[in-house]
Amino acid sequence: MRTRHVLVPFGTRPEVIKLAPVVHALRAAGHRVTAVDTGQHQDAVMSGDIQRTLGLAPDLRLPKPGGLGGLVTAAAAVLADQAADLVLALGDTHTVPAYALAARGAGIPFAHLEAGLRSFNPRSLEEVNRRVAAATAHLHFAPTDRAAAFLRAEGVPVERIFVVGNPVIDTLRAKGVRPVPPADRTGVLVTAHRASNVDDPARLARLVDVVGRVAAIGPVRFPVHPRTRARLHEHGLAGRLAALPGVTREDPLPYDDLLTALAHARVVVTDSGGLQEEAAYLGVPVVVLRRSTPRWEGVEAGTAVLTGITSDDEADRAVAAAHHLSTPAELSRVAALPCPYGDGHTGARVAALLADPALDPLLTLDEPDHTDGTLPWELAL
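Residue indices begin from 1 for each chain and proceed along its sequence in written order. Since the coordinates come from a predicted model, pLDDT governs what is reported: local features require at least 70, and pairs of side-chain atoms require 80 or more to be given and counted, while whole-chain, interface and lining totals use all residues. Hydrogens are left out, water is left out, and the side-chain values use all remaining heavy atoms of the structure.

Note the cut-off: UniProt positions are given in the numbering used here, feature names are shortened, and annotations may be inferred rather than shown by experiment.
For the protein, an unreviewed UniProt entry supplies the name UDP-N-acetylglucosamine 2-epimerase (Non-hydrolyzing) and the organism Actinoplanes lobatus. For the protein, the Sequence similarities (unreviewed entry) comment in UniProt is given as "Belongs to the UDP-N-acetylglucosamine 2-epimerase family."

## Quick look at the side chain of Arg-13
Rules: Starting at the N terminus, helices and strands are each numbered in turn, a helix being any DSSP run of H or I of at least four residues and a strand any DSSP run of E of at least two. Classification of residues uses two cut-offs on accessible area relative to the type maximum, computed with a 1.4 Å probe and protein chains only: under 20% is buried, over 50% is exposed, and between them is partly exposed. Under the rule applied, a polar contact is a pair of N or O atoms within 3.5 Å (in protein, one hydrogen donor and one hydrogen acceptor; residues adjacent in sequence only if both atoms are side-chain atoms).
Tracing the backbone through its elements, the reader meets Arg-13 in helix α1 (residues 13–28). By relative accessible area, which is 8% here, Arg-13 ends up buried. Of the polar contacts made by the side chain of Arg-13, one reaches the backbone oxygen of Leu-253; its length is 2.8 Å.

## Quick word on the domain arrangement of the protein
Selection rule: Domain borders in the structure are assigned automatically or taken from a domain database. The contact criterion used throughout is that any non-hydrogen atoms of two residues lie within 4.5 Å. A simple way to read buried area is as the amount of 1.4 Å-probe accessible surface that goes missing from two parts once joined, with both sides added. What makes a salt bridge here is a side-chain nitrogen of Lys or Arg within 4 Å of a carboxyl oxygen of Asp or Glu, nothing more. Amino acids outside the nonpolar list (Ala, Val, Leu, Ile, Met, Phe, Trp, Tyr, Cys, Pro) and the charged list (Asp, Glu, Lys, Arg) are all regarded as polar, and Gly is one of them.
You can read the domains of the protein as domain 1 (5–165 + 345–362) and domain 2 (176–336). The centre of domain 1, based on its C-alpha atoms, is set 28 Å off from the matching centre of domain 2. Each partner contributes to the interface: domain 1 provides 19 residues, whereas domain 2 provides 18 residues. Between domain 1 and domain 2, the buried area comes to about 1,300 Å², and carbon and sulfur atoms account for 53% of it. Our count for the contact surface shared by domain 1 and domain 2 stands at 4 salt bridges. Counting across the interface, domain 1 meets domain 2 through 7 residue pairs in polar contact (both at pLDDT 80 or more). Elements supplying a minimum of two residues to the side of domain 1 that touches domain 2: α1, α2 (44–54), α5 (125–136) and α6 (145–153). The element that contributes the greatest number of residues to the side of domain 1 that touches domain 2 is α2, accounting for 4 residues. For the side of domain 1 that touches domain 2, a count of residues per class yields 8 nonpolar, 4 polar and 7 charged.

## With respect to helix α16 (residues 328–335)
Basically, it comes down to this: Taking the helix axis as origin, the arc is that swept by the directions to the C-beta atoms.
Here α16 has its buried residues at Glu-330, Leu-331 and Val-334. Relative to the axis of α16, the buried residues are bounded by an arc of 100° and lie together on one face. Residues of α16 that are exposed and angled more than 90 degrees away from the buried face: Pro-328 and Ala-329. If you follow the buried residues of α16, they end up packed against α15 (312–325).

## A few points about the environment of Leu-88
Along the chain, Leu-88 turns up in strand β4 (residues 86–90). Judged by relative accessible area, Leu-88 falls into the buried class, the value being 0%. The sequence separation of Leu-88 and Val-22 amounts to 66 residues, and the corresponding C-alpha distance is 10.0 Å. Excluding residues within four positions of it along the chain, Leu-88 makes contact with Val-6, Leu-7, Val-8, Pro-9, Val-22, Leu-26, Ala-111, Leu-113, Phe-141 and Val-350.

Here it is, written out as structure tokens:
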């Protein structure tokens, strides 16, 4: 059994939610963990509160970074000081490429958790971050077989890919969150925060329209992300949203309250990635306010419908999808399907893999030697 010093950076609420069970499992297996809050989220509800709730107290808490460049500079300084054996990062925020690049510069192996997600959207910064992670990672911890297939198709060696599930399911199981019978659910949960939706005044106006129209399904709860709230005021739409009947606007909910709201909803309308996974675990159908998603398993199963809000026709499609998915027949169908994103044992799998000495050869950075005349492309043939 091998124990390692693993540096785990995180900067946003979703990263905390997903990494908390992994950090706990690593420590329980005897690994030394240095948890680093990179400072991306400064709001208490979006960061500090969830850290306390899930017991992920950072060993290092960094100030708010100055963009991606500031994150890379800070990451390099942290790695120079910590002498970690491995950097383990999750997902697709700017924390991921920052620590991946800093790790490569320091000669420290990098492992990517939630590896292989692909939206195939060339305008997505998250997609760029995922591909930087794929290009630099020694170990690729994929959540699903679909994600692993994407990595293999990109040329990642199969021996470096491990399907471990998504750790958000670990968190849901640890909390004892259970699905609510469809007959006991009511209304709609709405969330929206992506720049592509809320920074564009026309799309934001369509979002407000969609929120008002899905109220015909039942009461709407709309926890408003700080970014969305600012744009609503900036574009003069806050009053219009406030006037909608049957819609309750709220501050961002504590995580436990958000899960309760999700479990009791007939349908969730969102542009969030993580909510697609949590909804699948709870058997709640999802209208995804995007034209693509890195989480194709829900689309394949028909539990999630892609709509976008780039036009009035797409907004109409979003409303129609919400009505269809909230029918009794669809609610029963979706509730009966297994969750495709994991079984709640991701943290333990990662901890066990890192304890295996057989992984040591995969964690080296050997300089190639072609002085014998062999050419790199010949070795691949």
